[in-house]
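Observations on the model geometry
One-letter residues, chain by chain:
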Amino acid sequence: MTILFSSPATRAYEKVRARMVSEQLQPRGVTDPAVLAAMNRVPRHCFVDDALQSQAYGDFSLPIGEGQTISQPYVVALMTQLLGLTGKETVLEIGTGSGYQTAILAALAERVYTVERIKALHARARRVFDKLHIFNLLCKIDDGTLGWPEHGPYDAIIVTAAGPSVPEPLVAQLADPGVMVIPVGERGNQKLVMIRKQDGEVMEEIVEDVKFVSLIGDHGW
Ligand code: SAH
């Protein structure tokens, strides 16, 4: 837990954030207390442009530039809950985007590695991590469909953009036991898939319908 508790950034929008948790997350089945606490604490408005800050806690995704979006709070919470983090895990995230999901993961895991293909988004997310004093993560610009082999295997992998199939390098870099969540399907219409690796076996389970931006790369679109 490295996020500054008492910075002006975390104090702003405190009530709106608490309402986001009680009205958007809890009624829809987000029950993991650690996930709810992280969603309550991480200042989501810091991850969007100034002009959009007052909308940051709404029940929707928002543009973050470069044709990309910050995911809806519920989707961030749901995907995080599926990972079942306990604070000891090494996590790989593909699609840093705004860095909001990364910050939630950093609050719940030991270490987070995050990959973004667009330089401007990577650079902006890094500035926010520094401002909020989130230090238990490493980010890089690259094609995340190749994973980040140097730091694997990963206890948990989360992909926040949707491809036509599950990138094989990510399955290979998943620890045993390990869990991955990834949206898979057509452009604009996908299923959220949870993949578990255990005793050398890989099992897939469809969670629900979702809509993500495209995963672009060697093992994506
Ligand atoms: N978790 C982010 C979601 C951003 S949208 C947030 O909440 O803000 C998904 C991101 O995935 C976009 O920033 C997009 O540029 C990135 N992306 C798409 N394909 C990628 C790839 N192959 N490697 C790394 N990032 C990728």
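Definitions and cut-offs
Residues numbered from 1 in each chain as written. Predicted model: local features only at pLDDT ≥ 70, side-chain atom pairs only at ≥ 80, totals over all residues. Heavy atoms only, no water. Core = buried A, V, L, I, M, F, W, Y, C linked by side-chain atoms within 4.5 Å. Buried < 20%, exposed > 50% of the residue type's maximum accessible area, 1.4 Å probe, protein only. Helix = DSSP H or I, 4+ residues; strand = E, 2+ residues; numbered from the N terminus. Contact = heavy atoms within 4.5 Å. Near = heavy atom within 4 Å. Polar contact = N/O pair within 3.5 Å; in protein donor to acceptor, adjacent residues only side chain to side chain. 1 Å grid on protein atoms, 1.4 Å probe; cavity = no way out; pocket = protein on both sides within 12 Å on 5 of 7 lines; lining within 4 Å. Sits in = over half its atoms within 2 Å of the grid points. Nonpolar A, V, L, I, M, F, W, Y, C, P; charged D, E, K, R; others polar. Pairing = 2+ DSSP bridges. Axes fitted to C-alpha atoms, helices over the stretch in contact; angles between N-to-C directions. Parallel < 35°, antiparallel > 145°, perpendicular 65-115°, else oblique.

A look at the nonpolar core
The biggest cluster of nonpolar side chains holds 56 residues, and the ones touching the most others in it are Met-39, Phe-47 and Tyr-100. When residues in this core are grouped by element, the largest group, 8 residues, is from helix 4 (residues 73-83). In contact with Phe-47, not counting residues within four places along its chain, are Val-42, Ile-64, Ile-70, Ser-98, Gly-99, Tyr-100, Ala-103, Val-128, Phe-129 and Leu-132. Within the second largest apolar cluster, 18 residues are counted, among which are Leu-92, Val-166, Val-193 and Leu-215.

What to know about the environment of Ile-206
Its place among the elements puts Ile-206 in strand 9 (residues 201-210). Residue class for Ile-206 comes out exposed when judged on its relative accessible area of 56%.

So, the site of the ligand
Among the 26 residues in the neighbourhood of the ligand, the closest are listed as Ser-98, Glu-116, Asp-143, Gly-144 and Ile-216. With respect to the ligand, the backbone of Gly-95 contributes an N or O atom lying 3.4 Å from a nitrogen atom. When atom positions are compared with the pocket grids, the ligand is found to occupy the largest pocket. Secondary-structure elements contributing two or more residues to the shell around the ligand are strand 2 (68-70), strand 3 (90-94) and strand 4 (111-116). Class assignment of the residues belonging to the shell around the ligand gives a composition of 9 nonpolar, 12 polar and 5 charged.

Description of the sheet that holds strand 3
Ordered in space as 5-4-3-6-7-8-9, the 7 strands form an open sheet in which the pairing is mixed. Two strands bound the open sheet, and with one partner strand each, they are strand 5 (137-141) and strand 9. Going from strand to strand, the sheet's axes swing by 15° on average, the running direction of each strand aside. Running over the sheet, helix 6 (residues 119-131) touches strand 4 and strand 5 and is turned about 160° from strand 5.

Let's talk about the pairing of strand 9
Pairing of strand 8 (residues 189-198) with strand 9, which is carried by 9 bridges, proceeds in the antiparallel orientation. By the bridge assignment for strand 9, Met-194 is matched with Glu-205. Here strand 8 folds back onto strand 9 in antiparallel fashion, the turn holding 2 residues, of which Asp-199 has a positive phi close to 50°.

Some remarks on the packing of helix 2 (residues 14-25) against helix 4
Interhelical geometry of helix 2 versus helix 4 gives an angle of 75° and a closest axis separation of 10 Å. Looking at the two axes, helix 2 sits roughly perpendicular to helix 4. Note on element contacts: helix 4 touches helix 2 through Pro-73, Tyr-74 and Ala-77, opposite Met-20, Gln-24 and Leu-25. Broken down by class, the residue content of the contact of helix 2 with helix 4 amounts to 5 nonpolar, 1 polar and no charged.

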